[in-house]
Amino acid sequence: MALAGAEDTWREGSAEPADCSPSALGQAFSKILCCLGREPPRSNAKDAAFKDLGALIEATECDRLFEEGGEPLCRMPETLGRVAKALEKYAAPPEEHEPGAEYVHPGVAEKATGVGLLFLQLLGKAEAAKNTQICPAWKTGLRHLEGPIYIFAMTHSLEQPWTSPRSRDVAGEVLEFLLRLTESGSVAGFLRGENEEEKGRFTVIMGLLKPDLHKESWKNNPAVKHVFSWTLQQVTRPWLGQHLERVLPPSLLISDDYQTENKILGVRCLHHIVLHVPAADLLQYNRAHVLYHAMFNHLYMPEYQLIQAVLPCLLDLFPVLEKALHWKGGTARPTTHCDEVLQLILTHMEPEHRILLRRTYARNLPAFVRRLGILTVRHLKRLERVIIGYLEVYDGPEEEARLQILETLKLVMQYTWPRISCRLVVLLKALLKLICDVARDPNLTPEPVKNVLLQEATDCLILLDHCSQGQVKGLLAKILLSCEDSTVVGCLQEVEQASGGAPRRGT
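These numbers come from a predicted model, not from an experiment.

Draft legend 1. Geometry of the packing of helix H12 (residues 244-255) against helix H15 (residues 287-298). Packing of H12 against H15 leaves a shortest axis separation of 11 Å and a crossing angle of 20 degrees. Relative to H15, the element H12 lies roughly parallel. Both H12 and H15 take part in a crossing whose hand is left-handed. Contacts between H12 and H15 involve Leu244, Glu245, Leu248, Leu252 and Ser255 on the former and, on the latter, Arg287, Val290, Leu291, Ala294 and His298. Residue composition of the contact of H12 with H15, grouped by class: 6 nonpolar, 2 polar and 2 charged.

Draft legend 2. View of unusual backbone geometry. Cis rather than trans, the peptide bond between arginine 237 and proline 238 has omega equal to 5 degrees. Take proline 238: it is sitting in the loop between helix H11 (224-232) and H12. Positive phi, close to 60 degrees, is recorded for tyrosine 285, a residue that is not glycine. Of note, tyrosine 285 is situated in the loop between helix H14 (279-283) and H15. For tyrosine 285, a relative accessible area of 65% puts it in the exposed group. Of note, asparagine 286 is a non-glycine position whose phi angle comes to about 65 degrees, a positive value.

Draft legend 3. Representation of the pattern of salt bridges. If you walk through the whole model with that rule in mind, you get 21 salt bridges. With a closest N to O distance of 3.1 Å, lysine 433 and aspartate 437 form a salt bridge. With a gap of 4 residues between them, lysine 433 and aspartate 437 both fall in helix H21 (residues 424-440), about one helical turn apart. Look at lysine 433 and you get partly exposed, because its relative accessible area is 40%. Between lysine 473 and aspartate 465 there is a salt bridge; the shortest N-O distance is 3.9 Å.

Draft legend 4. The arrangement of the nonpolar core in detail. Residues Tyr150, Ile273 and Val341 are the most contacted members of the largest nonpolar core, which totals 156 residues. For this core, the element with the most residues is helix H16 (residues 304-321), which contributes 12 residues. Setting aside chain neighbours within four positions, we find tyrosine 150 in contact with Leu175, Leu178, Val187, Phe190, Leu191, Ile205, Trp230 and Thr231.

The rules behind these values
- Residues numbered from 1 in each chain as written.
- Predicted model: local features only at pLDDT ≥ 70, side-chain atom pairs only at ≥ 80, totals over all residues.
- Heavy atoms only, no water.
- Axes fitted to C-alpha atoms, helices over the stretch in contact; angles between N-to-C directions.
- Helix = DSSP H or I, 4+ residues; strand = E, 2+ residues; numbered from the N terminus.
- Parallel < 35°, antiparallel > 145°, perpendicular 65-115°, else oblique.
- Left-handed = near helix turned anticlockwise from the far one by under 90°.
- Contact = heavy atoms within 4.5 Å.
- Nonpolar A, V, L, I, M, F, W, Y, C, P; charged D, E, K, R; others polar.
- Buried < 20%, exposed > 50% of the residue type's maximum accessible area, 1.4 Å probe, protein only.
- Salt bridge = Lys/Arg side-chain N within 4 Å of Asp/Glu carboxyl O.
- Core = buried A, V, L, I, M, F, W, Y, C linked by side-chain atoms within 4.5 Å.

Functional significance is not addressed by these values, which are geometric in nature.
Below, the structure is given as structure tokens:
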């Protein structure tokens, strides 16, 4: 048998190794580790080695398990670290050979459950060594165990195709035990350190993940991207800035993949970096512009979930990019990255017929108008066409797109009010048509949504009247004389009764 040498070392008629020296124990672990690292990855020898490893750990007292020595084979903390790495790899899901297809991971959840129970046993030994205080080296041993055990717990505690309810429960117990043993109040505290004196484990964990986050290797293990993304998002400002060189390349790599789900995952990682890394660090070495171009290229993909991830990221990136821009007056303000993105969005919005993409674009449009303020006037002609076109189309029971377009119209009128009076007739017709269509809608739109839609349209009419110095009221007076629909009449009377100056935003 392949394990005969290892077994002879510790199965000589007793539950413990025949030779209790650290050297003999280290040799036993080393021989078992050789079998765990053997190819092919699902060989029976690995399963046998795993069982023998569990028996060896169970039979070894905690003081001997964490004992340090001078010779390489006597350094049990380092050996335990190699054991933990091997176990984490043993339980890892295999590569998906057909991306995008529903893939079954046979036996992975069962292996993960067994590895998780073994990790609980190892952590229990560490806790016993901590409580008895007869083996001060337990801290060194725990430091070598922390990284691989954390990666295992994250791989199997999240709901994924390779997990089962049982494996997730065991992985959750492992993570909880690890946090308790390291005296960490949360995963974030475990990664960054609970106080200024504590270093945290983020650097160690990123070092363990790094070999699996290269261009050639990151798809070999489908769990790595999720572990990286979830871990990254636990580390926030001000701790994340010092790790920028470690987290930016993998995030860009994942976002540049051809699969939409990976693009979205990578964009979320990049958005977290934008939010939690100082602007000065992002501007250094042109990193912010690299991020911008990576995001901008995604806008050409007609995937609404990807667009929804990209646009908020760009909105948070604009202040960083525009820190270096200083308008001195006397000349026209230079166009910004926000102008460039809004121009592309409006180009895509105008002919777009897919309802989910229309909603996504409309949902984010008000934020771009707020960002540009009075400079929205540069895009007024195209905005006018988009607003009128979107107000004409029914958007489903929730009417999300039309409600967001009405919000956009209000903002546009507030920021660019001097240019609105020349568009009075076009906008008035669009708003009146909307009110009439909604009022006559028999049952497509729920009553609460209909009321909100009518109120928003009425508010837009009131703003339009302010921007045109009361011309709307004069035009509506003639309509009120002939209109018979009580709902429409109610909206128009509210406009007639409204008074006050135009609510203008700063220029």
